[in-house]
4 protein chains.
Amino acid sequence: MAGSSYGTIFQITTWGESHGPSLGVVVDGCPAGLTLCADDIQTYLDRRKPGKTRISTQRQEADEIEILSGLFEGKTTGTPIAMMIRNTSHRSTDYSDIASYYRPGHADYTFDAKYGFRDYRGGGRSSGRETVCRVAGGAVAAKLLQEFGIRLSAYTLSIGPVKIDRAQFDADAIFTTPTGMPDRNASVLAEAYLEECMRNCDSAGGVIECIIDGVPAGLGDPVFEKLDANLCKAIMSIGAVKAMEIGDGIEVSTRSGSQNNDPFCRKDGQTVKLTNHAGGILGGISDGSRIILRAHIKPTPSIFSPQRTVNRQGEEIEIAIKGRHDPVIVPRAVVVVETMAALTIADALLLNASAKLDHLKKIYDR
Amino acid sequence: MAGSSYGTIFQITTWGESHGPSLGVVVDGCPAGLTLCADDIQTYLDRRKPGKTRISTQRQEADEIEILSGLFEGKTTGTPIAMMIRNTSHRSTDYSDIASYYRPGHADYTFDAKYGFRDYRGGGRSSGRETVCRVAGGAVAAKLLQEFGIRLSAYTLSIGPVKIDRAQFDADAIFTTPTGMPDRNASVLAEAYLEECMRNCDSAGGVIECIIDGVPAGLGDPVFEKLDANLCKAIMSIGAVKAMEIGDGIEVSTRSGSQNNDPFCRKDGQTVKLTNHAGGILGGISDGSRIILRAHIKPTPSIFSPQRTVNRQGEEIEIAIKGRHDPVIVPRAVVVVETMAALTIADALLLNASAKLDHLKKIYDR
Amino acid sequence: MAGSSYGTIFQITTWGESHGPSLGVVVDGCPAGLTLCADDIQTYLDRRKPGKTRISTQRQEADEIEILSGLFEGKTTGTPIAMMIRNTSHRSTDYSDIASYYRPGHADYTFDAKYGFRDYRGGGRSSGRETVCRVAGGAVAAKLLQEFGIRLSAYTLSIGPVKIDRAQFDADAIFTTPTGMPDRNASVLAEAYLEECMRNCDSAGGVIECIIDGVPAGLGDPVFEKLDANLCKAIMSIGAVKAMEIGDGIEVSTRSGSQNNDPFCRKDGQTVKLTNHAGGILGGISDGSRIILRAHIKPTPSIFSPQRTVNRQGEEIEIAIKGRHDPVIVPRAVVVVETMAALTIADALLLNASAKLDHLKKIYDR
Amino acid sequence: MAGSSYGTIFQITTWGESHGPSLGVVVDGCPAGLTLCADDIQTYLDRRKPGKTRISTQRQEADEIEILSGLFEGKTTGTPIAMMIRNTSHRSTDYSDIASYYRPGHADYTFDAKYGFRDYRGGGRSSGRETVCRVAGGAVAAKLLQEFGIRLSAYTLSIGPVKIDRAQFDADAIFTTPTGMPDRNASVLAEAYLEECMRNCDSAGGVIECIIDGVPAGLGDPVFEKLDANLCKAIMSIGAVKAMEIGDGIEVSTRSGSQNNDPFCRKDGQTVKLTNHAGGILGGISDGSRIILRAHIKPTPSIFSPQRTVNRQGEEIEIAIKGRHDPVIVPRAVVVVETMAALTIADALLLNASAKLDHLKKIYDR
């Protein structure tokens, strides 16, 4: 348990480093009988693939999925689904620089402190490349959720100072703008901002929002395994996320109860909420309305302008980072947020199967 | 696993409802040999105790701790420490109202959706009273952390629109103001704001900050069990928390990398960070500097002004909640945030014991 | 995680020592909606209660169950069921003897080695009294299993050299003989043997068998969480169990495959096994036939005849143990074996709820 | 959590089927700084490799290990160690037979019952081939244990009716006899017995013993996570194991306490046990003496003589199994038992690191 597994029943275990031969994920606990093929996964990996646009790293990776186990005649068998992605573009660079000092904003120093040494090639296990395995595993979760009418959609809400205009929300734009913004105008402005960052040898951060529709009421557990607590952990575990909001998030602290409570009402014969400040979760349990969350992401720590730091010999030095880096990780992180949310919802869906006697009686026909 | 346990090695399991005979917590995995007594726990419970000020619920609870196991001659034995707190002031009120409808902002509807029915007396398991067990368990964690020079301090940063002035930070005020604010002026303003809320039959939210000093570099694991991810889960699992920040949190998304990176430097022969935008955690692992987090808390959903809702028969109705409720939960939640953070750090401290061979060789003298 | 919890979804956490004020168990993960009352538990505790016969310890304990949480209007709510049993007969004996040396066959030495010291009063946490909590928790599991037509029955198969005659199997005798043997003649012989042991200041061991009927095919997971592996762990975790068998157990090692395989056949329109050497489990998964297991239990280590040992000062000494001890623990352990098996089956029943897509579709009506 | 992971801190997750492209294992939680290379693993895999002798399956598999992550400059980094073994000899046989009926003694029926269908090619996930991943993972554990002077040795104790003569114990013979027996004479007799089984189109079972030296006192936890309980689970989870013994095992049930207790005495300035009926574990915690366990293994269910069974259409039929099968799995299972024991001891070693305050103070220099 060095923390490479996520989930209680629907569980993924990931492995691999930036510059090893390959990375991979084992999905255990996926129910048997789900139709699944490599394309279901590849579609998600392609959304994260580097090198597609000017505002992403120029490292070229095919990020091609190989499914090694757990499928038979096009369906999941209930046994572990192992998947592997080969590293094809890890350059045989000289890493003596990066080995000798601690890059600000990176995990170099903390890995050395924890383990006594580190695999410094491209960040090793702390590289953002690790997230490719989350996406592969989460794609299976998303496919499972589809069977229950649960749909997730993540997108870029802002990059640096540039925010989308919600009145212009255009879901198609998520997949066609280089920023992942559902607003073409904002996306053009964000690209201009990023060009300026690159000219300044600097980088940018941003905010990703994820909405989840079709979640039945009742997922999540009342105390420590609240659905919102697990969503936050899942998404905070993505490197570079520094804050998380559910529903109206940080705004609620300045509101009064009468402003913030969502009244219940009736619609189409159902009990629903008139508003959704809560973001779809009450008392840690899904309430049947849209789940909404936001992840705040720091600017890429790898910047080309000179920085102060310390080397392993304990000397203060000035460095200039080289290599291929994303000026902003937000657009590529969108699908990582979406798939981590999918993993969390899938696990809650499975855990809830044994929450009441009626569920079990349906299964076992008693 | 219905989610009543928290922690991997240092683990608590809580039980109990608002209106049952008692609530309790079992602490398992606390190392043997820690000096511990009831007073160590009681001090923390007293910080959370209701009925002490005008701005807290008038429910009077002694919240007296009984330690039932796991201690011998004043020390922990390594076996489970069971603690119990009796409910003494649960009124035998008529709950037929609350049983028949769904209170906005509460978990009534979601409990019914999940379990088919609910213990409606005072909110049952979803009552904020549940947190008394977190505090008792977390007090043990805090005592353990003291042995390693790790000190936690949580306080109120804001209530409604009233924020503390960091230039006036006064640590003593945390324990002496009714708001838990480390700024007496701000506290007076916040009290006035709360008086107004009460007059309006309304409630307020706020923000709690927690700082943790003395954490050695190296705690937390690189991928899913990042220290910040676990802190967020721990604290998001407290009812009413709707957003979480680590370090500079939401502000980082609009910064450039050159502004946000913390340069390393040397100080007193140690490698340290010149700034601490990161809040003491890099790549999910503690970096030796102060850990900083903030929890954004919604206004108390129990308000006395009339609200729209739906009853179990599916009829739209208007209700007016009665009873004894905190107009703001922030001051009483301060110690809950602090102890949940303590539990998370204690668990990471224990998990890190087996992270490298050198650690084990020291223990087993090889 | 100092090992005081058992189960993945249906999970118990136990606490308490032989000579503390009380012992207890928290059952988490029991589905909501199960009818349950204190009597359901008490019936099981009474089967384990000491002081009822000449061949059990003369310590008198009421072993009265108190349910502290998790029930509402006679049904489980899905939240933790906390139960407590008070110690009423722990004598304020002088324990300076037992504190100063290591009793052979007991955990005195290993507790000191592990923790640096121990609560020596009556064995502390290592006392057999700990099992009262397993029985209370397992009684809830057994009640749940009844809803699905799953019935467990454990009984004494042998005490010392005295074995039951399977041809004389009498299920009623389990509850009426002081030995828990389903054969009155064998029981009389066993009692005579035990009287002799007591005269010799010695003790006896024996074998307990447990049969489980009505388990649907499909429980258990293929690799590490095999149903038989979990049953063995559950029952080996009861102090004094030194061997475990499933089905024909140790006999299979000398058989040929043609003798040991159970042919499938058809009966009443069902596929069943013609024989049941396998004991109801194939490949770690229940096959729908009767599950059979046996636990081999060592003689009580507390004997009144003189024994060699070493004291904490490292001197070889001779001791004579005093106090109230069972000359054989087998009869009282019968219900412990039965309830540990119940906990294991209940957990497997709940875990299997998400094993295939069809199960989930039934629950979520998709 | 479909049961493909084993261990709490030192944890393996395995994947793969008999006839997929490859099988693999992810080792998470191995401490950083352990010297490790592919040869360390290969040595163990070679002990399990098929096709080496007349009494093993004629399936030829190279069983060559590939390490894909977690090592840097010859040492473990603390991050997951992924390993893969390619299947090279899975014949493209016609599996329509095996797909259509249930082989007695196999998991065909139970997989269908659990999942609704199964990957029938060579047994899929239920194939003994799965154990290759346990051996690879366990080899890492064994390497770790060497650093602490802990040595494991498993061997064949009996095959069918042929037992070793303990007076002739020859440790070298374990590696040089085709049976894995530490007694050359017994091995010759066992081979003759197996030849006869093969002539009769039948198969044999046997017993494997494992001894573990150098385990420090104090490993294992008092209640549910007893060291013996975990060893039993680990080894019962190997397909075909039907009974487990610790120390004198089944013999203790007929002994008296005075015969079975192990007196403590002094030797070389240490407190040790004069005898070791207990098999190195008292109260679930290692006592510093040799740990001894035995696994009873059923005869290979795949036999060439005709058998009765039922097909998927529910018709009674007679079948004759074809293909390449071990007439006895005991010799090849020896290293599987040894490595599962190694995994269990390694995990207990790591878990014990946080059992007492003194341990932690050594690590954190407080």
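Quick caveat, the model's predicted, so the values are computed rather than measured. (Residues numbered from 1 in each chain as written. Chains lettered and ligands numbered in written order. Predicted model: local features only at pLDDT ≥ 70, side-chain atom pairs only at ≥ 80, totals over all residues. Heavy atoms only, no water.)

## What about the confidence of the model for chain A?
In the predicted model, chain A carries a mean pLDDT of 95, and the fraction of residues at 70 or more is 98%. Predicted complex, confidence summary: ipTM 0.97, pTM 0.98. (pLDDT = per-residue confidence, 0-100.)

## What to know about the state of the cysteines
Scanning all chains against the criterion turns up 0 disulfides over all chains. The thiol of C133(B) is not disulfide-bonded; the next cysteine sulfur, from C30(B), is found 17 Å away. Assessed through its relative accessible area of 0%, C133(B) is described here as buried. With no disulfide of its own, C232(C) has C232(D) as its nearest cysteine by sulfur position, at a separation of 6.4 Å. C232(C) gets classed as buried once you look at its relative accessible area, which sits at 0%. (Disulfide = S-S within 2.5 Å. Buried < 20%, exposed > 50% of the residue type's maximum accessible area, 1.4 Å probe, protein only.)

## Section: the side chain of D202(A)
Topologically, D202(A) is positioned in the loop between α6 (184–199) and β10 (206–213). Here D202(A) occupies a buried position and makes no salt bridge, while the nearest side chain of opposite charge, R255(B), is found at 11 Å. Polar side-chain contacts of D202(A) include one of 3.2 Å to the side chain of S256(B). Leaving out residues up to four positions away in the same chain, D202(A) has contacts with C197(A), I303(A), S256(B), G257(B) and S258(B). (Helix = DSSP H or I, 4+ residues; strand = E, 2+ residues; numbered from the N terminus. Lys, Arg positive; Asp, Glu negative; His and termini not counted. Salt bridge = Lys/Arg side-chain N within 4 Å of Asp/Glu carboxyl O. Polar contact = N/O pair within 3.5 Å; in protein donor to acceptor, adjacent residues only side chain to side chain. Contact = heavy atoms within 4.5 Å.)

## A word on the packing of helix α1 (residues 38–48) of chain A against helix α9 (residues 330–351) of chain A
Residues and elements named next belong to chain A. Following both chains from N to C, one finds α1 and α9 inclined at 140 degrees, their axes separated by 7 Å at the closest point. Our classification of the angle between α1 and α9 gives oblique. Touching Y44, R47 and R48 of α1 are R332, V334, V335, V336, E338 and T339, all from α9. A class-by-class count of the residues in the contact of α1 with α9 yields 4 nonpolar, 1 polar and 4 charged. (Axes fitted to C-alpha atoms, helices over the stretch in contact; angles between N-to-C directions. Parallel < 35°, antiparallel > 145°, perpendicular 65-115°, else oblique. Nonpolar A, V, L, I, M, F, W, Y, C, P; charged D, E, K, R; others polar.)

## A few points about the sheet that holds strand β1 (residues 5–6) of chain A
Residues and elements named next belong to chain A. What the 5 strands build is an open sheet, ordered β1-β2-β3-β7-β4; its pairing is antiparallel. For this open sheet the edge positions go to β1 and β4 (65–67), each flanked by a neighbour on one side alone. Pairing of β4 with strand β7 (residues 81–86) involves 3 bridges; the strand directions are antiparallel. Looking across to β7, one finds that I65 is bridged to I85. Along the sheet, helix α4 (residues 131–146) makes contact with β2 (11–16), β3 (22–28), β4 and β7, crossing β3 at roughly 30 degrees. (Pairing = 2+ DSSP bridges.)

## Describing the interface of chain D and chain A
Across the contact, 43 residues belong to chain D and 43 residues belong to chain A. Summed over both partners, the interface of chain D with chain A buries about 3100 Å², with 63% contributed by carbon and sulfur atoms. For the pair chain D and chain A, the interface holds 12 residue pairs in polar contact (both at pLDDT 80 or more). The set of elements that each furnish at least two residues to the side of chain D that touches chain A consists of β2 (11–16), β3 (22–28), β5 (71–72), β6 (75–76), β7 (81–86) and α3 (108–115) of chain D. The residue inventory of the side of chain D that touches chain A, partitioned by class, reads 18 nonpolar, 17 polar and 8 charged. (Buried area = accessible area lost by both parts, 1.4 Å probe.)

## Here we look at the relation of the copies chain D and chain A
Once chain D is rotated about the relating axis by 180 degrees and shifted along it by 0.0 Å, it coincides with chain A to within an RMSD of 0.0 Å. In short, the pair behaves as if placed about a two-fold rotation axis. When each C-alpha of chain D is compared by its distance to the rotation axis, T13(D) comes out closest, at 3.9 Å. Both copies contact each other with a shared surface, as 100% of the interface residues of chain D are interface residues in chain A too. (Least-squares fit on C-alpha atoms with pLDDT ≥ 70 in both.)

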